[in-house]
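Examining the three-dimensional arrangement
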Protein chains: 2
Amino acid sequence: FMGWMKALAGASPARAALLIFAFAIAFFTSLLMMPWATASGRPASLPDALFVATSAVSVTGLTPVNTAEHWSLAGEITIIVAIQLGGLGILTVASVLAASVSRSLGVRTKQLAQEGWKTDQLGEVASLIRIVIIISLAIEAALAAVLVPRLIAIEGDVVTGFWHGIFYAISAFNNAGFVIHADGLEAVGHDPIVLWAIMIGVVLGSLGFPVLYVLWRFRWHYRSWNIHAKLTVEVTTLLMVVGAAIYAFLEWNNNATIGEMPMWEKLQSSLFASVNMRSGGFSVVESNHENSTTMLISDALMFAGGGSVSTAGGIKVTTIAVIWLAFLAEARGDKESVAHQRTIPASAVRVAVSVVAMGATLVLISTLALMHITGLDMERPLYESISAFATVGLTSGLTEELPPSGLYVLAALMFAGRVGIITFAAALAVRQRTTRYRYPEGRPILG
Amino acid sequence: FMGWMKALAGASPARAALLIFAFAIAFFTSLLMMPWATASGRPASLPDALFVATSAVSVTGLTPVNTAEHWSLAGEITIIVAIQLGGLGILTVASVLAASVSRSLGVRTKQLAQEGWKTDQLGEVASLIRIVIIISLAIEAALAAVLVPRLIAIEGDVVTGFWHGIFYAISAFNNAGFVIHADGLEAVGHDPIVLWAIMIGVVLGSLGFPVLYVLWRFRWHYRSWNIHAKLTVEVTTLLMVVGAAIYAFLEWNNNATIGEMPMWEKLQSSLFASVNMRSGGFSVVESNHENSTTMLISDALMFAGGGSVSTAGGIKVTTIAVIWLAFLAEARGDKESVAHQRTIPASAVRVAVSVVAMGATLVLISTLALMHITGLDMERPLYESISAFATVGLTSGLTEELPPSGLYVLAALMFAGRVGIITFAAALAVRQRTTRYRYPEGRPILG
Ligand SMILES: [K+]
Ligand SMILES: [K+]
């Protein structure tokens, strides 16, 4: 079997990744359909189990059923294991793909050697995976060390506090957005330490393994960072601050969300919302009480997403950076995009635009399908589609109301958004083309 | 004055184009504020006059007032002159810019020489402008020759039929979408000849001058066409057919739109709607009676727009072609995009992505502003914003309801969408940069 997997991965690593994730989802679906997995003892329906398994493995956090009420403790443990394995699987598969897919995508070979991922340092795939696991577990342990004592104090029970602390530590670092309280985070959301621990976990997870690795190796010696780490941290910080400012501006006087909070809590909640819109998926206020304008801003931030090779989804912050740099160069009349004394190759722009085009197309098709299924106008189907595509997990409340057909649409979108649209495109490529000769240039007029 | 204009254009042709259009809008605004321009004899308000002048010069067709009822005959003549001058101005300025802006954008010099725009054949700017005018007037005259007799028969009055025929011929070829009937095209919309004449005028106008020039020179010798003409005609045909099919599918049983028509008229109306969504802006059924799904499809088609250097707006069909080809090449593992035995240079992708990013940003900001002003949810503000940005002129009925602040937002968007977002970006460029040395490549991880 391992030999077969190896042969498959050698032939098409992207297709192997698709199969691995499909297999994991099928496995956890069958577990969640066991009678012992639900609180009621009646087996969960196929659409519910498949949706939750997909949501957990893809670390999205959307769910048609209330996690705390619908599942037994065994079911909840199944879910957190699926999240942990899903998160680790995403990081390791994405790391390995970034190296091996390069053959078919033709864009990623050199970056590993040039850009801080010293393949000679990391050595073989096995040691790469080991480092991923060490970094993940170390951060999760640190989060749990903060959350467990705090939740024991809040819940007044050692076992419950311990279990909830572990659950939120894993859910936060993996950007999974699953909550174990029936009323969401509201039960513990007034404790700043819990909120900040979750927020820091989400941000660290969303930066991505290549950035965490650079941080681990070079700490705050900013100059030693590679261009990927610099761009990721810069765009993440920018989106986080601007998102929080806009959220605070739009919701300041909305009494259904943050309107009645004291000033410091308004600011804290705005930052929490901004951080989680880009992939975490945790919320202290319900999204469907937000203004329509806030939901639209949220659509944009969700679509943007987090860092590459991370548990965050979306089109990724470096994609946005590359597009912005291309635009800047164009406006200035420069021939090439430059950032941090590095020339961004033109082919990177092509990858970026492919990712955005594919993402926008998937979201458009899903939105149309959900509008057709529900008869609703655009707002909530669009929000839910982007949340699924970018594996964010924030909800306008629509997921709970969807019939099975709608759940399958969103599950397919979570899968496509997670396994990675570029990976997806590479898997679709039937053959490798080698250019035998080059045609003369022909340039259509644009704009 | 001409010397000053020349110096200005030499220094920054993009900025000169901005000034020329701003000047034209100011001129027609002042004309429309004259007492003789309105039917009532009371001068139009500044927001209304400014909006209609901008809409006419940018050949959009959005209007807060009913063209037939609000303006006098003199006002209507002012509008059609603004449309004609606006359309010709767009074609000539865009043609000249395509050559001269190339210095600052660094992307357009060679295309003119290589791609059928034989600059030695066209000679000086003067003869370029002459050809633009000849082609425009020839097509408008042909349209009028069909429309005038037909409208004389329908209206039962020679003078009215003559005037309306001329008006619709100009409005159609310039993709202006202004109608002279108080109830829109419904009064004449059951006549297939009128509809088809308008449809053909809109399509010809939306192909753009470079394509019309190629058609004029090479007729249907497809192999002699340059890559710009091939891509434009292909994507236009594809969007037209697919748009009509989707429209028919979604609206087939909607009795508020085409549901009660006989089959052939359903198909004809679907094609008419599809053609006009991409820029024409004429409609036989009101957009706000369409399904929400149809409005979303319409959003996408409006944003796509027509051909480059045409009276159509949007991001342009060649931009879509370049992005699609980049995606295809990426999925196949090819190093370069190829179409029709031509290599699409990587810098074309950068221009394409800049156009899309700028357009999406403008539409997002305008949508948020209109949502904030009106308190509505996303659907209608988004539709109206895309219609203005892409100078389409289809309306969800929102323009009529907007306060002056909302009208100014849409007018700014029509202006930005028309003068061309790449032109706009070039104008913003304060200085020309010459690269003294090249930094080593640095490639962030994407997707
Ligand atoms: K998530
Ligand atoms: K128009």
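All of these numbers come straight from a predicted model, not from anything done at the bench. (Residues numbered from 1 in each chain as written. Chains lettered and ligands numbered in written order. Predicted model: local features only at pLDDT ≥ 70, side-chain atom pairs only at ≥ 80, totals over all residues. Heavy atoms only, no water.)

A look at a nonpolar patch on the surface
Here is the rule we go by: Only residues above 30% relative accessible area that lack a salt bridge enter a patch, with like-charged residues linked at up to 9 Å and the nonpolar side chains Val, Leu, Ile, Met, Phe, Trp and Tyr linked at up to 5 Å. Only the protein chains shown count as cover for residues, with accessible areas throughout obtained via the Shrake-Rupley method and a probe of 1.4 Å. By salt bridge we mean one thing: a side-chain nitrogen of Lys or Arg within 4 Å of a carboxyl oxygen of Asp or Glu. Secondary structure elements follow DSSP: runs of H or I no shorter than four residues count as helices, runs of E no shorter than two count as strands, and numbering proceeds from the N terminus.
On the surface, Leu73, Ile77, Val81 and Leu85 of chain A cluster together into a nonpolar patch covering about 330 Å² of accessible area. On the secondary structure map, Val81 of chain A appears in helix H5 (residues 73-100).

A few points about the nonpolar core
For the record, the criterion: Residues belong to a common nonpolar core when they are buried Ala, Val, Leu, Ile, Met, Phe, Trp, Tyr or Cys residues joined through side-chain atoms within 4.5 Å. Throughout, exposure labels follow a simple rule: accessible area from a 1.4 Å probe, protein chains only, divided by the maximum for the residue type, with under 20% read as buried, over 50% as exposed, and the rest as partly exposed.
Of all hydrophobic cores here, the largest spans 118 residues; its most connected members are Phe389 of chain A together with Phe389 of chain B. Membership of the second largest hydrophobic core comes to 72 residues, among which are Leu18, Leu91, Phe178 and Val203 of chain A.

A few points about the coordination of the potassium ion (ligand 2)
Residues and elements named next belong to chain B. Formally: Metal donors: N, O and S atoms at distances within 2.8 Å, or within 3.2 Å for Na, K and Ca, with water omitted from the atom set so that some sites may seem incomplete. Site shape is set this way: if four donors have all angles between 85 and 135 degrees, tetrahedral; if opposite donors are over 155 degrees apart and all others between 65 and 115, square planar for four donors and octahedral for six; otherwise irregular.
Distances from the potassium ion (ligand 2) to its protein donors, Val59 (O), Thr60 (O), Asn175 (O), Ser279 (O), Thr391 (O) and Val392 (O), fall within 2.3 to 3.0 Å. With six donor atoms in place around the potassium ion (ligand 2) and angles of 66 to 148° between them, the coordination shape is irregular. Summarised as a motif, the one-chain spacing of the donors to the potassium ion (ligand 2) is V-T-x114-N-x103-S-x111-T-V. Residue Val59 is located in the loop between helix H3 (46-57) and helix H4 (67-70), and its partner Ser279 is located in helix H14 (residues 263-280); the two are separated by 220 residues in the primary sequence. Note on accessibility: Val59 and Ser279 belong to one class, buried.

A word on the environment of Gly177 of chain A
Residues and elements named next belong to chain A. We apply this condition: A contact between two residues is defined here by any heavy atoms of the two lying within 4.5 Å.
You can see Gly177 is positioned in the loop between helix H10 (158-173) and helix H11 (192-207). Among the residues examined, Gly177 registers a relative accessible area of 9% and is labelled buried. Once you skip the residues sitting within four places of it in the chain, Gly177 turns out to touch Gly61, Ser171, Gly280, Gly281 and Phe282.

Quick look at the pattern of salt bridges
Residues and elements named next belong to chain A. All chains considered together, the criterion is met by four salt bridges over all chains. Note that Arg380 is salt-bridged to Glu401, the shortest N-O span being 3.0 Å. With a gap of 21 residues between them, Arg380 in helix H18 (residues 379-389) and Glu401 in helix H19 (residues 398-401) connect regions that are remote in the sequence. Among the residues examined, Arg380 registers a relative accessible area of 23% and is labelled partly exposed.

A few points about the packing of aromatic side chains
Heads up, the condition is: Ring geometry is summarised as follows: Phe, Tyr and Trp rings, the Trp one being its six-membered ring, pair when their centres sit within 6.5 Å, and such pairs are stacked at plane angles under 30 degrees, edge-to-face over 60 and tilted between the two.
Throughout the structure, instances matching the rule amount to 15 aromatic pairs over all chains. Ring centres of Tyr213 of chain A and Trp216 of chain A lie 6.0 Å apart, and the angle between their planes is 55°; on these two criteria the pair is classed as tilted. Of this pair, Tyr213 of chain A and Trp216 of chain A both sit in helix H12 (residues 209-218), three residues apart, which is roughly one turn of that helix. Judged by its relative accessible area of 4%, Tyr213 of chain A falls in the buried class. According to the relative accessible area criterion, Trp216 of chain A is partly exposed, its value standing at 46%. Aromatic ring contacts, followed pair by pair, group Trp163, Phe167, Tyr168 and Phe282 of chain B into a single cluster.

Notes on helix H3 (residues 46-57) of chain A
Residues and elements named next belong to chain A. Formally: For a helix, the expected span equals 1.5 Å multiplied by the residue count minus one.
Between its first and last C-alpha atoms H3 spans 16 Å; for 12 residues at 1.5 Å apiece the expected length is 16 Å, and the two agree. Burial of H3 is extensive: 10 of the 12 residues sit out of reach of the surface. Those residues of H3 not exposed but buried are Pro47, Asp48, Ala49, Phe51, Val52, Ala53, Thr54, Ser55, Ala56 and Val57. Following H3 by one or two positions, Val59 adopts a phi angle in the positive range, close to 45°.

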